[in-house]
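Take a look at the letters that make up each chain.
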Amino acid sequence: MAKNTAKVTVDGIEVEVPNGSNVLQACEAAGKEVPRFCYHERLTVAGNCRMCLVEIEKAPPKPWASCAYPVADGMVVHTDSPMVRAARRGVMEFLLINHPLDCPICDQGGECDLQDQAVGYGLDHSRYAENKRAVRDKNLGPLVKTTMTRCIHCTRCIRFSTEIAGVAELGATARGESMEVGTYVERALSSELSGNLIDICPVGALTSRPYAFVARPWELKKTDSVDVLDAVGTNIRVDSRGSEVLRVLPRLNEDVNEEWLADKGRFSIDGLKRRRLDSCWVRRAGKLQRSSWPDAFAAIEAKLMGLDGSRIGAVAGNLADAESMLALKDLMTALGSTSLDCRQDGAHADAAQRDFYTFNTSIAGIETASALLIIGSNPRHEAPLINARIRKRWLQTHMPIALIGPEANLTYDAERIGDGPEAIAALLRGRHRFADTLTKATKPMLILGQAALARPDGAAVLAACWKLAAATGMLSPEWHGFNVLQTAAARVGALDLGFLPGQGGKKLAGMLRGGVDVLWLLGADEFDTAAIGPDTFVIYQGSHGDRGAARADVILPAAAYTEKNGTYVNTEGRVQRGMLAVYPPGEAREDWKILRAFSAYVGCPLPYDDIDALRARLEQVNPVFARIDALPRFPASDRHGPAGDPDCMQADAFTPWIANYYQTDPISRASPTMAECTRVHAPATVQAAE
Amino acid sequence: MARQGAAPDSFSFDAESEARIAVIFAKYPAGQPASAMLPLLDLAQRQMGRVTGSAWVPIVAMDEIARRVGVAPIRVYEVATFYLMFNTSPVGKYHLQVCTTTPCWLRGSEEVVHACRRATGIKDWKETSADGMFTMTEVECLGACVNAPVLQVNDDFYEDMDAESTERLLAALKRGETPPPGSVKGRQTSAPEGGPATLTSLSFEPAE
Ligand code: SF4
Ligand code: FES
Ligand code: FES
């Protein structure tokens, strides 16, 4: 029987690697570092930089590019022989011939592969006396800055944009000495993943435009956190200096974001410095006036005095952490209120069972799916990294994908089989051949977007989709193909906590137009605040002076996600924690502490004094909060569907959920970079959609 | 003056080209239309020459080709800019491609260059003459070194050139004539001047 591994000896160390690996991977398995520029684990092999040269015994006696050489059983590799060292030095000398000596003014300095490897293999002087080549810089839009003279033609950026981002816009034009990497016809990159080009470019050719000349990597404090600007839960690293967040980079997490980060999460951070609420405000005689914490609390207490719990309501915003939502819920319970809501968009959610509102296939699970139906969602805008996974799977297998909803350019082929519920009904009746495709697929899945749920017939759509999932084999003891794609980072956590109307409680719609007398907004800005009754007393607790604060009677300044320790549950139901990177500005405080302080002020202190006690309470409310970072896969063991009558679906077509990817929350709306992206892309995204 | 070859706003293949396209696509395996990219670029360039008098491939033509062969436009830009035979900017009616590689240079290509400059008023490479008739491009070995120096005009090779023959050739082109291509010294392909010096008599006897 043929073995499916090969035994390779690297510098005397024997390793066993799967057949089909390349020599570079074998060297890594043996713990030998091989310098490289063009090779990247997640991209196709180009083999054009020649930095990864090694010596292979019995192969023709010359240095071999290890990234492009397949392993064979019994192969003997040397990564540090005199021939290898001389060859790499030669390659390095050629690379440096046309590379400018501008490290002191280059933003890549300190984290540049070329710099690092030049230390290992570079000469201390240049033998090249001719003129260096100079290349005109390209304009790739507001996010990626180019200094193309530094480009070493590794083509990583070309492969990333073509393969992973799915927007083939970058290329190498002309050739030889004249070769240039760019878009040829000048245009801003139309990808929501363009920031990753900055990370994969091994040199300083592609750097971050907003971060240009801001800091050196060694000056930065690095804090692990979680992105909250969509519901993917991308693992990020927050780089800060002093009290300022200077940049955000992705952290590796194969199950969630691999090593990528979407542009909104990366570039919205300049919004953390603008429109910030840094002190309390109280409205007196129609005017908001700066005030102290005690005054603000006193104003709220005066309003609450003697008020019946049924006249009080609370709404949790899309960026809220689980701790603060629980504290708010507990406070409301203490005040006798059951009017809680976390769905500013009015999206229907059935919290009876967790898999009615989560992405059950899991993000990594997409890579095993064999057919996909997207309903009322544009994953490219709602969750760019989930879209990238779908594309990855589609590239591997060309799995059939169908879309019910508005026209969208998703970076993979999706057959549009309808624009509203009637298409779901047709599938349910088996009237559409895609129902067949799903049934025949071994692992079919569907993604249900918020656009399909945030409508009067949301319950019917949810029930119909579950029924469809059950009918097409998506629910089995081994596989769960029913997925709700959330777009708010707080949503799944809120549903896990039951931040929903309780017995006799009102939904958000019921709280508006005078439905309650006191309305507590926890960072809630995504609804029409004009619909709040004129006599309703509004408390806005949050970080940014956005819609909610503008309507507020009392403003309580709070920390943004980079300024607190918080727990977030992503759309998969994965519980993750972000850490405090910098302290909140001015008087602003962590949300749960504000609520805890207020509860003490009104004489019914919440039963937790520190975050650990609060987290213990979280676990008590829902044990899922004990499983940090882990996502046990739950097959669909309980096939019982959500409440709702599939026959009540209405005829209206689904509408796009996100009008502008770049501005969806108070932080990105405060960000000048996102405003610039909107200016550049908002019209362009419409064109690109065709 | 309206220069021929201003970048057009749109491009579509005309009936004559379309007939060719059918033949071209038929040459390649089904489902692999991208293989037709090079012939289509050539076809577009020829159509531009035929229709506008300037044989080049504007970006709109590359976009149309991308659509026809089913690839992203940048993939066509890459190919079109890689091959120097595709003109990515407008050229004159006659594209003078002077070979200046070593064999041609040793045999006097500089003379040819000077003669071209004198006759057309062009100062530098890649320039087009004021009357829009000529564009002069420096090219590498055209593979006809044995008849060096070589001047390629559009598709035709004029060989064994010198200053005088170059001027004569350009004057004829200006008059609208197309002198026969090949050696201007009248050599039969690459045979020696004055006729073949070997194999003059046909004999099929085995050599002694
Ligand atoms: S810009 Fe950077 S990633 Fe792109 S080819 Fe040049 S060096 Fe490589
Ligand atoms: S890393 Fe192997 S050739 Fe570039
Ligand atoms: S050098 Fe001119 S044709 Fe070869």
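A quick note: this is a predicted structure, and the numbers were derived from the prediction, not measured. (Residues numbered from 1 in each chain as written. Chains lettered and ligands numbered in written order. Predicted model: local features only at pLDDT ≥ 70, side-chain atom pairs only at ≥ 80, totals over all residues. Heavy atoms only, no water.)

### Considerations on the overall build of chain B
Looking only at helices and strands, one finds seven helices and six strands in chain B. Start at the N end of chain B and walk to the C end: the helices and strands fall as α-α-α-α-β-α-α-β-β-β-β-α-β. For chain B, the spread of C-alpha atoms along the principal axes amounts to about 60 × 50 × 30 Å. Taking all 208 residues of chain B together, 41% fall into the buried category. Of all intrachain contacts in chain B linking residues separated by at least 6 positions in sequence, the fraction that spans at least 24 positions is 62%. (Helix = DSSP H or I, 4+ residues; strand = E, 2+ residues; numbered from the N terminus. Buried < 20%, exposed > 50% of the residue type's maximum accessible area, 1.4 Å probe, protein only. Contact = heavy atoms within 4.5 Å.)

### Observations regarding the domain arrangement of chain B
Here the domain parsing of chain B yields domain 1 (15–82) and domain 2 (94–177). Computed from C-alpha coordinates alone, the two centres of domain 1 of chain B and domain 2 of chain B are separated by 28 Å. (Domains from an automatic or database assignment.)

### Concerning the packing of helix α8 (residues 322–334) of chain A against helix α18 (residues 611–621) of chain A
Residue and element names in this part refer to chain A. Two elements in contact, α8 and α18, have axes whose closest approach is 10 Å; the angle formed by their N-to-C orientations is 75°. Judged on the interaxial angle alone, α18 and α8 are roughly perpendicular. Contact residues: α8 offers Ala 322, Glu 323, Leu 326 and Asp 330, while α18 offers Ile 611, Leu 614, Arg 615, Arg 617, Leu 618 and Val 621. Of the residues contributing to the contact of α8 with α18, the split by class is six nonpolar, no polar and four charged. (Axes fitted to C-alpha atoms, helices over the stretch in contact; angles between N-to-C directions. Parallel < 35°, antiparallel > 145°, perpendicular 65-115°, else oblique. Nonpolar A, V, L, I, M, F, W, Y, C, P; charged D, E, K, R; others polar.)

### Section: the sheet that holds strand β24 (residues 554–557) of chain A
All names here are of chain A. Read from one edge to the other, the open sheet built from seven strands follows the order β14-β13-β24-β23-β22-β15-β16, with strand pairing classed as mixed. At either end of the open sheet lies a strand with only one pairing partner, and these are β14 (287–291) and β16 (339–341). In this sheet, adjacent strand axes meet at a mean angle of 15° when their direction is disregarded. Where helix α7 (residues 293–304) meets the sheet, its contacts fall on β13 (280–284), β14, β15 (312–316), β22 (518–522), β23 (537–542) and β24, and the angle it forms with β24 comes to roughly 135°. (Pairing = 2+ DSSP bridges.)

### Side note on the pairing of strand β11 (residues 235–241) of chain A
Residues and elements named next belong to chain A. Counting buried positions along β11 gives five out of seven residues, so the element sits mostly inside the fold. Pairing geometry for strand β10 (residues 221–226) and β11, over six bridges, is antiparallel. In the sheet register, Lys 221 faces β11, and the bridge partner there is Ser 240. As judged from the six bridges shared by β11 and strand β12 (residues 244–250), these two strands associate in the antiparallel manner. Looking at the pairing, Arg 241 lines up with Glu 244 of β12. Where β11 folds back onto β12 in an antiparallel hairpin, the turn is made up of two residues, including Gly 242, whose phi is positive at roughly 60°.

### Some thoughts on the site of ligand 1
With respect to spatial proximity, 14 residues lie near ligand 1, and among them Cys 151, Cys 154, Thr 155, Cys 157 and Cys 201 of chain A are the closest. Across the shell around ligand 1, the residue classes break down as eleven nonpolar, two polar and one charged. (Near = heavy atom within 4 Å.)

### Observations regarding the packing of aromatic side chains
All names here are of chain A. Here the structure, examined in full by the defined rule, presents 14 aromatic pairs over all chains. Centroid distance Trp 466 to Phe 482: 4.9 Å. Interplanar angle 65°. Geometry classified as edge-to-face. Here Trp 466 is found in helix α13 (residues 458–471), whereas its partner Phe 482 is found in strand β21 (residues 482–484), with 16 residues between them in sequence. Grouping residues by exposure puts Trp 466 and Phe 482 together as buried. Grouping aromatic residues by their ring pairs yields a cluster made of Trp 293, Phe 297, Trp 520, Phe 598 and Tyr 601. Lying over the aromatic face of Trp 64, Lys 62 brings its terminal NZ or CZ to 4.3 Å of the ring centre. (Phe/Tyr/Trp six-rings, centres within 6.5 Å; stacked < 30°, edge-to-face > 60°. Lys NZ or Arg CZ within 6 Å of the ring centre and 35° of its normal.)

### Re the nonpolar core
Soluble, globular proteins show a tendency: their nonpolar side chains are buried together. Residues and elements named next belong to chain A. Val 8, Val 23, Ile 56, Val 77, Phe 160, Ile 386 and Ile 390 are the most contacted members of the largest nonpolar core, which totals 93 residues. Here this core gets five residues from one element, more than from any other, and that element is helix α10 (residues 384–397). One finds Ala 314, Met 325, Cys 342 and Leu 595 within the second-largest nonpolar core, a separate group that totals 51 residues. (Core = buried A, V, L, I, M, F, W, Y, C linked by side-chain atoms within 4.5 Å.)

### Concerning the state of the cysteines
Note: disulfide means a covalent bond formed between the sulfur atoms of two cysteine side chains. Here the structure, examined in full by the defined rule, presents zero disulfides over all chains. Cys 106 of chain A provides the cysteine sulfur closest to Cys 112 of chain A, a residue in no disulfide bond, and the two sulfurs are 6.2 Å apart. (Disulfide = S-S within 2.5 Å.)

### Topic: unusual backbone geometry
Put simply, Ala 148 of chain B and Pro 149 of chain B share a cis peptide bond, and its omega is -5°. Looking at the secondary structure, you find Pro 149 of chain B in the loop between β3 (134–139) and β4 (151–153). Positive phi outside glycine occurs at Asp 11 of chain A, with the angle close to 50°. Look at Asp 11 of chain A and you get partly exposed, because its relative accessible area is 24%. For Lys 58 of chain A, which is not glycine, the phi dihedral falls at a positive 75°.

### Looking at helix α12 (residues 433–440) of chain A
All names here are of chain A. For α12, the full list of buried residues reads Phe 434, Ala 435 and Leu 438. One side of α12 holds all its buried residues, which, seen down the axis, span an arc of 110°. More than 90 degrees from the buried face of α12, the exposed residues found are Arg 433 and Lys 440. For α12, the secondary structure elements touched by its buried residues are β17 (371–375), β18 (401–404), β19 (415–418), α11 (421–428) and β20 (444–448). (Arc of directions from axis to C-beta.)

### Details of the pattern of salt bridges
Residue and element names in this part refer to chain A. One pass over the structure, following the stated rule, counts 58 salt bridges over all chains. Two residues, Glu 367 and Lys 392, come together in a salt bridge whose shortest N-O distance is 3.0 Å. Here the residue Glu 367 occupies a position in the loop between β16 and β17, and Lys 392 occupies one in helix α10, the gap between them amounting to 25 residues. Owing to a relative accessible area of 21%, Glu 367 belongs among the partly exposed residues under this scheme. Since its relative accessible area comes to 28%, Lys 392 is described here as partly exposed. Within this structure, Arg 42, Glu 254, Glu 258, Glu 259, Glu 367, Arg 389 and Lys 392 form a network of salt bridges that share partners. (Salt bridge = Lys/Arg side-chain N within 4 Å of Asp/Glu carboxyl O.)

### A closer look at a nonpolar patch on the surface
Residue and element names in this part refer to chain B. Taken together, the side chains of Leu 38, Phe 82, Tyr 83, Leu 84 and Met 85 make up a nonpolar region of the molecular surface, amounting to roughly 490 Å² of accessible area. Topologically, Tyr 83 is positioned in the loop between α4 (73–82) and β1 (94–99). Take Tyr 83: its relative accessible area is 32%, and that puts it in the partly exposed class. (Patch = residues over 30% accessible without salt bridge, like charges linked within 9 Å, V, L, I, M, F, W, Y side chains within 5 Å. Areas by Shrake-Rupley, 256 points an atom, 1.4 Å probe, with all protein chains shown as cover.)

### So, the interface of chain B and chain A
At the junction of the two partners, chain B supplies eleven residues and chain A supplies 14 residues. Roughly 980 Å² of surface becomes buried between chain B and chain A when both sides are summed, with 62% attributable to carbon and sulfur atoms. In terms of surface lost to chain A, no three residues of chain B exceed Ile 74, Thr 81 and Phe 82 of chain B, which account for 44% of the buried area on that side. Here chain B is connected to chain A by zero salt bridges. (Buried area = accessible area lost by both parts, 1.4 Å probe.)

### Section: the side chain of Asn 360 of chain A
If you trace the backbone, Asn 360 of chain A turns up in the loop between β16 and β17. A distance of 2.6 Å separates the side chain of Asn 360 of chain A from the backbone oxygen of Phe 482 of chain A, its partner in a polar contact. (Polar contact = N/O pair within 3.5 Å; in protein donor to acceptor, adjacent residues only side chain to side chain.)

### Section: the sheet that holds β10 of chain A
Residues and elements named next belong to chain A. Spatial ordering of the open sheet is given by β10-β11-β12, a layout of three strands whose pairing is antiparallel. The open sheet has two edge strands with one neighbour each: β10 and β12. Strand-to-strand twist across the sheet, computed as the mean angle between neighbouring axes with direction ignored, equals 30°.

### So, the side chain of Arg 389 of chain A
All names here are of chain A. On the secondary structure map, Arg 389 appears in helix α10. At a separation of 2.6 Å, a polar atom in the side chain of Arg 389 contacts the side chain of Glu 367. Setting aside its immediate chain neighbours within four residues, Arg 389 contacts Glu 254, Asp 255, Val 256, Glu 258, Ile 363, Ala 364, Ile 366 and Glu 367.

### Examining the pairing of strand β25 (residues 566–569) of chain A
On a regular strand, each side chain points to the face opposite its neighbour's, so the side chains alternate between the two faces of the sheet. Residue and element names in this part refer to chain A. Along β25, one buried face is formed by Gly 566 and Tyr 568 and the opposite face, lined by Thr 567 and Val 569, is buried too. By the bridge criterion, four bridges tie β25 to strand β26 (residues 575–578) in an arrangement that is antiparallel. When the sheet's bridge partners are listed, Tyr 568 is paired in β26 with Gln 576. A loop of five residues connects β25 with β26, the two strands running antiparallel in sequence, and Gly 573 in this loop sits at a positive phi of about 95°.

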